Amino acid sequence: MTRVFSAMQPTSDSLHLGNYLGALVEWVKLQDTHDAIYSVVDLHALTQSPDPAQLRDRTRRTAAQYLAAGVDPERSLCFVQSHVPQHAELAWALSTFTGMGEAGRMTQFKDKTQKTGESGANVGLFTYPVLMAADILLYDTDVVPVGEDQRQHLELSRNLAERLNSRLGEGTVVVPKPHIVKETAKIYDLQDPVKKMSKSGGNPKGIIEILDDPKKVAKNIKSAVTDLETQIRFDRDAKPGISNLLTIYSALSGEAVEDLEARYEGRMYGHLKSELADVVVAYLTPLHDSAMEWIDSPDRLDTVLAQGAAKASAIAQVTLDRVYDRLGLLPALHR
Ligand code: ATP
Ligand code: LTN
């Protein structure tokens, strides 16, 4: 079976609708056809200097939301990145294959260092995409389901994989492919619908959090920024706000955007918003309840994560041994 791998950072108390529709929905679907591995990448989150207690809490909360969304630990592996030391080990080796210029061109690094300037940023932020490549390559991953914003990072992972294969011999690692679903690859901020919905730096009214109070979810949908026309139609450039609401509606209800346009012909923006608010609340309520159950049973959650880490580590070690051997590192006979 082909392998799928993906991950999210534990950088907030709740995932948002962009994380959910852009990535998590696909993770759950791909489990049916692929051998799936999903990680909470806590080492990546260290680049943001989180408070330790908060990082611990958010790592469990993020895993709980994977499971609530339908990641099935009976079929897929779910684990915390720092529990599998091979990630950091392969990242080091990969960093010696990465050009300074190549890493410096990553737009996420440029965005995240805009405020502080490059010299004020930590080195981890710079090497972040190399650790991400290690996450992916360790598992001989074929497919990586992510949102549009990760396309460039994945391109770097592919380039590194090809470079390893050309320098160390074919078959050293598998070259991964992105899995980015056009319709939901970028969910936009409700208050600023040309910007992606984001955990960090956005207006709280612009995002829908999976674990939010339903009243707040409904309020945020109802106060979404639209435009001065009245027609409900999909037009990303001229009507980014309405187009975003139609995208969310379609993704959650399964109704095609054209059918929604036809159904809302002659009706007002207020109708669309209030009916969408009901759809979102109805959709998120069971997800929210299931996530809270996992959050309230940390022992059960930790057991799932420990089992996932043990299996992930066994797979990862095979790749790491192969890469180390081809690099000329002596075999570690004490193990
Ligand atoms: P931050 O704002 O801290 O960078 P984020 O909200 O972008 O965080 P990530 O943890 O970087 O979230 O992303 C997790 C996954 O969700 C990735 O696959 C990413 O591509 C996807 N994703 C994030 N935001 C969106 C969005 N607005 N639309 C679609 N997919 C998204
Ligand atoms: N950079 C990703 C998170 C991430 C990831 C990965 C995604 C880290 N390692 C491996 C897919 C595969 C982000 O969403 N910001």
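Residues numbered from 1 in each chain as written. Chains lettered and ligands numbered in written order. Predicted model: local features only at pLDDT ≥ 70, side-chain atom pairs only at ≥ 80, totals over all residues. Heavy atoms only, no water.

> Would you explain the packing of helix α3 (residues 52–69) against helix α12 (residues 269–295) in this entry?
Each pair of packed helices gets described by two things: the angle between the helix axes and the distance between those axes. With their axes 8 Å apart at the nearest point, α3 and α12 run at an angle of 130° to one another. Between α3 and α12, the angle falls in the class oblique. In this structure, α3 crosses over α12, and the sense of that crossing is right-handed. Seen from α3, the contacting residues are Arg 61, Ala 64, Gln 65, Leu 67, Ala 68 and Ala 69; seen from α12, they are Leu 287, Ser 290, Ala 291, Trp 294 and Ile 295. Of the residues contributing to the contact of α3 with α12, the split by class is 8 nonpolar, 2 polar and 1 charged. (Axes fitted to C-alpha atoms, helices over the stretch in contact; angles between N-to-C directions. Helix = DSSP H or I, 4+ residues; strand = E, 2+ residues; numbered from the N terminus. Parallel < 35°, antiparallel > 145°, perpendicular 65-115°, else oblique. Left-handed = near helix turned anticlockwise from the far one by under 90°. Contact = heavy atoms within 4.5 Å. Nonpolar A, V, L, I, M, F, W, Y, C, P; charged D, E, K, R; others polar.)

> Quick question: what am I supposed to make of the side chain of Thr 247 here?
Relative to the helices and strands, Thr 247 resides in helix α10 (residues 240–253). Judged by its relative accessible area of 7%, Thr 247 falls in the buried class. Here the side chain of Thr 247 touches Ser 243 through a polar contact of 2.8 Å, landing on its backbone oxygen. In this structure, Thr 247 is in contact with Glu 183, Thr 184, Ile 187, Phe 234 and Arg 236, ignoring residues within four places of it in sequence. (Buried < 20%, exposed > 50% of the residue type's maximum accessible area, 1.4 Å probe, protein only. Polar contact = N/O pair within 3.5 Å; in protein donor to acceptor, adjacent residues only side chain to side chain.)

> Before we go on, may I ask you to explain the side chain of Ser 313 in this structure?
When you line up the elements, Ser 313 lands in helix α13 (residues 298–327). Of the residues examined, Ser 313 reaches a relative accessible area of 19% and is grouped as buried. Once residues within four sequence positions are removed from consideration, Ser 313 is found in contact with Val 84 and Gln 86.

> Honestly, the site of ligand 1 in this entry has me stumped. Any pointers?
Lining the immediate surroundings of ligand 1 are 21 residues, of which His 16, Asp 149, Ile 187, Lys 196 and Ser 198 lie closest. Here a nitrogen atom of ligand 1 sits 2.9 Å away from a polar atom, N or O, in the main chain of Met 197. Between ligand 1 and Ser 198 there is a distance of 2.4 Å, counted from an oxygen atom to a side-chain nitrogen or oxygen. When isolated, ligand 1 has an accessible area of 590 Å², and the protein chains bury 97% of it. Ranked by residue count, the leading element in the shell around ligand 1 is helix α1 (residues 17–30), at 4 residues. Classifying every residue of the shell around ligand 1 gives 6 nonpolar, 10 polar and 5 charged. (Near = heavy atom within 4 Å. Areas by Shrake-Rupley, 256 points an atom, 1.4 Å probe, with all protein chains shown as cover.)

> Just checking my understanding: could you explain the pairing of strand β1 (residues 3–8) for this structure?
Here is the key point about a regular strand: its side chains alternate between the two faces of the sheet. Burial analysis of β1 places 5 of its 6 residues in the buried class, which makes it a mostly covered element. Where β1 lies against strand β2 (residues 35–40), 6 bridges are found, and the strand directions are parallel. Counted as the bridge partner of Phe 5 is Ile 37 from β2. Since β1 and β2 lie parallel, the crossover through α1 that links them has a hand, and here it is right-handed. (Pairing = 2+ DSSP bridges. Right-handed = clockwise from strand over helix to strand, strands pointing away.)

> Looking at this structure, how should I read the packing of aromatic side chains?
Within a pair of aromatic rings, the relevant descriptors are the distance that separates the centres and the angle that separates the planes. Within this structure, the stated rule accounts for 7 aromatic pairs. Aromatic side chains Phe 109 and Phe 126 sit 5.1 Å apart centroid to centroid with 70° between the ring planes, which places their arrangement in the edge-to-face category. Taken as a pair, Phe 109 in helix α6 (residues 107–112) and Phe 126 in helix α7 (residues 123–137) lie far apart in primary sequence, 17 residues in all. Of the two residues, Phe 109 and Phe 126, neither departs from the other in class, the shared state being buried. (Phe/Tyr/Trp six-rings, centres within 6.5 Å; stacked < 30°, edge-to-face > 60°.)

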